[in-house]
Amino acid sequence: MEQVFFFYFAFVIAAAAVLVVVVRKPIYSALALLVMFFHVAGLYVTLHAEFLAAVQIIVYAGAILVLYLFVVMLLNLRQDDRYHRQWPTAAAVGMTLAIEAVILTVMKGWTAPVVATGTETTVGGISNTGAIGDVLYSTYLFPFEVASLILLVAMIGAIVLAKKDVGEREA
Amino acid sequence: MTVPLSYYLVLSGIVFLTGVVGVLLRRNIIIILLSVELMLNATNINFVAFSQYFHDVAGQVFVFFALTVAAAEVAVGLAIIIALYRAKSAINIDEFQMLKW
């Protein structure tokens, strides 16, 4: 049963990822990415990371993707060529990495396929959210503060960059 | 029946590879940023799978941080795109060669 769910999610994630890159119009790319985000959230649920599944939908699908769609519609793009001139380089790099991945999988894959067992992200009756909060606000308190600083810097940076006529008035 | 860890790694590898190819292949800056999101999600899948495998929530905490950085990246990246669009009325990366020698 778990495997059925995994293969469903994995198939849709991989297909949506390919669609994001292949589709011609940016808006369809963004919508394919939306489908992928929802299925990644589903994958998190099967991995017993319920809190992250909720955050994935709220932050990625709710905030980040809306921002993308907003910009895509704001810029009102004309049609243009799909692929960059350097696509032979991209194909070479992609092929190399793919072959490497296949070789590594074939060489290592046969030795004892490790099984992700258990349902014990929830230790001792604490829920997943509680466990994350416990660790986040004790062990990872300093990185947490740094993350909030990053968000502040990004907010100020975005306002400064997107503001109108900053350079024109000074120049 | 549980799912082996290697399946998650293969899925994550596929998605990451797609993102790399998208960054190298497409000319539209917005789609390049979307491909970066693909790569970030691939690493997040890895983190959560390992977190489940080792029974340790630290992996999920790091996904949380990666998500923060992704949000910051999107905000700044889209602001840069808007500034570029104002300057050149285009978002094709071929148009932007000012930093090329």
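Residues numbered from 1 in each chain as written. Chains lettered and ligands numbered in written order. Predicted model: local features only at pLDDT ≥ 70, side-chain atom pairs only at ≥ 80, totals over all residues.

**Q** Which residues make up the packing of helix α2 (residues 29–54) of chain B against helix α3 (residues 58–88) of chain B, and what values do they have?
**A** Residues and elements named next belong to chain B. At a minimum axis distance of 9 Å, the contact between α2 and α3 shows a crossing angle of 175°. One way to sum up the angle between α2 and α3 is to call them roughly antiparallel. Only A58, G59, Q60, F62, V63, A66, A70, G77 and I81 of α3 make contact with α2, whose side of the interface consists of I29, I30, L33, E37, L40, T43, N44, F47, V48, F50 and S51. Its residues assigned to classes, the contact of α2 with α3 comprises 13 nonpolar, six polar and one charged. (Axes fitted to C-alpha atoms, helices over the stretch in contact; angles between N-to-C directions. Helix = DSSP H or I, 4+ residues; strand = E, 2+ residues; numbered from the N terminus. Parallel < 35°, antiparallel > 145°, perpendicular 65-115°, else oblique. Contact = placed C-beta atoms within 7 Å. Nonpolar A, V, L, I, M, F, W, Y, C, P; charged D, E, K, R; others polar.)

**Q** Can you explain the domain arrangement of chain A? Please cite residues and give values.
**A** Segmentation of chain A into domains returns domain 1 (1–78) and domain 2 (128–164). Computed over C-alpha atoms only, the centres of domain 1 of chain A and domain 2 of chain A are separated by 22 Å. (Domains from an automatic or database assignment.)

**Q** Describe the interface of chain A and chain B, and please don't skip the residues or the numbers.
**A** As a measure of interface size, the accessible area lost when the parts come together is often cited. On the side of chain B, 61 residues touch chain A, which itself brings 69 residues to the contact. Counting only elements with at least two residues in the side of chain A that touches chain B, the list comes to α1 (2–22), α2 (26–46), α3 (50–75), α4 (87–109), α5 (128–136) and α6 (141–162) of chain A. Across the side of chain A that touches chain B, the residue classes break down as 52 nonpolar, 13 polar and four charged.

**Q** With reference to specific residues and values, describe α6 of chain A.
**A** Taking 1.5 Å of rise per residue, 22 residues should cover 32 Å, and α6 of chain A covers 32 Å from first to last C-alpha, within 8% of that figure. When α6 of chain A is considered as a whole, its buried residues turn out to be A147, A154 and A158 of chain A. One side of α6 of chain A holds all its buried residues, which, seen down the axis, span an arc of 30°. Exposed residues on α6 of chain A whose side chains face more than 90 degrees from its buried face are L141, F142, E145, S148, L149, L152, I156, I159 and V160 of chain A. At its buried positions, α6 of chain A is contacted by α3 of chain B. (Expected span 1.5 Å × (residues − 1). Buried ≥ 20, exposed ≤ 12 C-beta atoms within 10 Å, placed from the backbone. Arc of directions from axis to C-beta.)

**Q** Could you give an account of unusual backbone geometry, with specific residues and numbers?
**A** The general pattern is negative phi for most residues beyond glycine and trans for most peptide bonds. Phi is positive for H48 of chain A, which is not a glycine, with a value near 60°. As for its position among the elements, H48 of chain A is in the loop between α2 and α3. Take H48 of chain A: there are 19 C-beta atoms within 10 Å of it, and that puts it in the partly exposed class. In this structure, H55 of chain B takes a positive phi of about 55° despite not being glycine. Considering the arrangement of structural elements, one finds H55 of chain B in the loop between α2 and α3.

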